[in-house]
Amino acid sequence: MGFLIDLVCTKTDKAYSKDQLWNLSPEADAPLFARYDLDAVAKVMRREKLAERIPTMWRYAEVLPVEDEQFQVSLGEGFTPLLQATSLGREIGVPKLYIKDEGLNPTGSFKARGMSAAISRAAELGAQAIAIPSAGNAGGATAAYAARAGLPAHIFMPKDVPQANYIECKVLGAHVELIDGLISDCGKIVASRKEAEGWFDISTLKEPYRVEGKKTMGYELAEQFDWELPEVVIYPTGGGTGLIGMWKAFDEMEQMGWIGSERPRMISVQAAGCAPIVRAYRAGDEHAEPWTDAETIAAGLRVPAAVGDFLMLKAIRDSGGCALSVTDEELMASASKMAAAVGSFPAPEGAATLTALEKLIEQNLVSERERIVLFNTGTGLKYIELFH
Ligand SMILES: *Cc1c(COP(=O)(O)O)cnc(C)c1O
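Residues numbered from 1 in each chain as written. Predicted model: local features only at pLDDT ≥ 70, side-chain atom pairs only at ≥ 80, totals over all residues. Heavy atoms only, no water.

## A few points about the overall build of the protein chain
Our working definition: Numbering of helices and strands runs from the N terminus, with a helix taken as a DSSP run of H or I at least four residues long and a strand as a DSSP run of E at least two residues long. Just to be clear, the radius of gyration here is over C-alpha atoms, and the globule rule we use is 2.2 Å times residues to the power 0.38. Residue exposure (1.4 Å probe, protein chains only): buried if accessible area is under 20% of the type maximum, exposed if over 50%, otherwise partly exposed. Working rule for contacts: check all heavy atoms of both residues, and any pair within 4.5 Å makes them a contact. In these tables, accessible area is a Shrake-Rupley quantity obtained with a 1.4 Å probe, and a residue counts as shielded only by the protein chains included in the view. His is not counted here, nor are the chain ends, while Lys and Arg score as positive and Asp and Glu score as negative. Lys charges are placed at NZ, Arg charges at CZ, Asp charges at CG and Glu charges at CD.
When its secondary structure is counted, the protein chain shows twelve helices and 13 strands. The C-alpha atoms of the protein chain give a radius of gyration of 19 Å, which matches the 21 Å a tight globule of 388 residues would have. Residues classed as buried in the protein chain amount to 61% of the 388 residues present. For the protein chain, restricting intrachain contacts to residue pairs at least 6 apart in sequence, the fraction spanning at least 24 positions comes to 69%. Total accessible area computed for the protein chain in this model is approximately 14,900 Å², and 48% of it derives from carbon and sulfur atoms. Positive and negative charge centroids in the protein chain, built from 39 and 53 side chains respectively, lie 2 Å apart.

## Focus: the pairing of strand β3 (residues 32-36)
Moving residue by residue along a regular strand, the side chains alternate between the two faces of the sheet. Rules: In short, DSSP must find at least two bridges between two strands for them to pair.
Burial within β3 is extensive, with four of its five residues counted as buried. Note that strand β1 (residues 4-9) and β3 share five bridges and pair antiparallel. The partner of C9 across the bridge, within β3, is L32.

## Examining the state of the cysteines
This is how it is decided: Two cysteine sulfur atoms form a disulfide, by the criterion used here, when they sit within 2.5 Å.
Evaluation of the coordinates by the stated rule reveals zero disulfides. With no disulfide partner, C322 has as its closest neighbouring cysteine sulfur the one in C274, 18 Å distant.

## With respect to the nonpolar core
Threshold: The criterion is simple. A nonpolar core is a set of buried Ala, Val, Leu, Ile, Met, Phe, Trp, Tyr and Cys residues joined through side-chain atoms within 4.5 Å.
Ranked by internal contacts, the top residues of the largest apolar core, which has 63 residues, are L221, M246, M253 and M256. The leading source of residues in this core is helix α8 (residues 241-255), at seven residues. A85, I99, V232 and V366 belong to the second-largest nonpolar core, a separate cluster that totals 27 residues.

## Overview of the sheet that holds strand β6 (residues 130-133)
Selection criterion: Axes, fitted as lines to C-alpha atoms, cover a helix only where it is in contact. Angles between the N-to-C directions of the axes lie from 0 to 180 degrees.
The strand order across the open sheet formed by four strands is β8-β7-β6-β9, and the pairing between neighbours is parallel. The outermost strands of the open sheet, each flanked by one partner alone, are β8 (175-179) and β9 (200-201). Across two bridges, the pairing between β6 and β9 is parallel. Counted as the bridge partner of I130 is F200 from β9. Docked against the sheet, helix α6 (residues 183-197) engages β6, β7 (153-158), β8 and β9, running at close to 150° with respect to β7.

## Focus on the environment of R47
Spelled out, the test is: Throughout this description, a polar contact denotes any pair of N or O atoms lying within 3.5 Å of each other; where both atoms belong to protein, one of them has to be capable of donating a hydrogen while the other can accept it, and for residues adjacent in sequence the pair is counted only when both atoms sit in side chains.
With respect to the helices and strands, the residue R47 is situated in the loop between α1 (38-44) and β4 (82-84). A relative accessible area of 29% places R47 in the partly exposed class. Taking the C-alpha atoms as reference, R47 lies 9.8 Å from D226; in sequence the two are 179 residues apart. In this structure, R47 is in contact with W227 and W258, ignoring residues within four places of it in sequence. Here W258 takes part through its backbone oxygen, which lies 2.6 Å from a polar atom of the side chain of R47.

## Some points on the sheet that holds β1
Judged by pairing direction, the sheet is antiparallel, and its three strands sit side by side in the order β2-β1-β3 without closing on themselves. Across the chains shown, the open sheet's two edge strands, defined by having one partner strand only, are β2 (15-16) and β3.

## Notes on the site of the ligand
Which entries qualify depends on this criterion: We define proximity as follows: a residue is near a molecule or strand when any one of its heavy atoms falls within 4 Å of that partner. Note on residue categories: nonpolar means Ala, Val, Leu, Ile, Met, Phe, Trp, Tyr, Cys or Pro, charged means Asp, Glu, Lys or Arg, and polar means any other residue, Gly included.
Taken together, 16 residues form the shell around the ligand, and within it K111, Y235, G238, G240 and T377 come nearest. Here Y235 contributes a side-chain N or O atom positioned 2.6 Å from an oxygen atom of the ligand. One nitrogen or oxygen atom from the main chain of G238 is found 2.7 Å from an oxygen atom belonging to the ligand. Here the ligand, which alone exposes 380 Å², has 97% of that area covered by the protein. Every element with two or more residues in the shell around the ligand is listed here: β10 (232-236) and α8. For the shell around the ligand, the class distribution of residues is four nonpolar, nine polar and three charged.

## A word on unusual backbone geometry
Backbone geometry places D13, a non-glycine residue, at a positive phi of 70°. Relative to the assigned elements, D13 resides in the loop between β1 and β2. Unusually for a residue other than glycine, D226 sits at a positive phi of about 55°. Looking at where D226 falls in the secondary structure, it is placed in the loop between α7 (210-224) and β10.

## Focus: the pattern of salt bridges
Spelled out, the test is: We define a salt bridge as a contact between a side-chain nitrogen of Lys or Arg and a carboxyl oxygen of Asp or Glu at a distance within 4 Å.
For the structure on display, the rule yields 30 salt bridges. Among the ionic pairs, E223 bridges to R59, the shortest N-O distance being 2.6 Å. Pair noted here: E223 is in helix α7 and R59 is in the loop between α1 and β4, with a separation of 164 residues, a long-range link. Its relative accessible area of 16% is what places E223 among the buried residues. Exposure remark for R59: the relative accessible area of 3% places this residue in the buried category. Here the residues in one salt-bridge network are K18, D19, E67, R121 and E124, joined through shared partners.

Any link to function would need more than the numbers given here.
Printed below as a string of structure tokens:
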């Protein structure tokens, strides 16, 4: 293996060595993207042969950052089911409806993908300890993959984080601190202590590889739709790694000749009580102003400021998509509707995509002929206290 060439700054295009640990690019404070030798990858990884490979995200190992296979830290993440939701779709007027069920990942959310990639690479490059601010599922996934890698994890969570996430981190052996504040306050604590403590900070998009794990959702979509991407993808957006990652995956696959130039319209869904990307999208802005007094029961969407805001906004616009928000009442109603209709208990964040779809249908922004994918990004089981 070893198709990773270097890391590229998403603002300046300056290249950085792949052989050391990086957070944001030093000169622009922007996320770094991994660049691979895709011509060489295309020669050894053939889409026709993928079916023979392991049914996890590591089936796409050549476009993942780990160079020596022994460093792959895996709990079986990825290659989640793409559920047909035809009867629910018919009921609301879009029969070609699908749900990508990320709740089946280890630790119950798609955060597993990002952490599998990031902690693998961090271990390969010699990290001694991991630290992260988390509003929920990222903490659980960090604790699990750090445990699997044999690395200590330091997790800072807002004190109103769902109980399941907190308990999960503790049981998995992480050092957990509850903070009286938001995820952004937790992030400040990690930033101020990491140097003295020798922690590697794996905050969303502040290191280059979580987005690499999350991009595998884009590869899977293409593979599961037999290399004809769907017309619409609806995705609940917090830090935006999933959206940004899938957008990167589509470009990589096009460069390898796996897909053409068509892209799904990328629809970003946020909670009405924390919708910085929606506001920036509507205002035509390139960056999003931080949201004050962020409040929503959907913990994964309670992200008042995202370092990758400009990457999200660009992907949404370049794809011809849009951004919209839904209220907590609406998304909770959608959770029950989605669960009963398809037999999978969604996270509130995932359920928000169904409300968003209903709004798009009302505004004639999707058609009954289109294939539409809702991302259920996690399992509702982690949020049971919200449902009784
Ligand atoms: C973290 C999280 C999100 C937001 O994901 P991003 O890719 O960072 O935007 C959505 N849903 C759930 C369940 C999450 O845990």
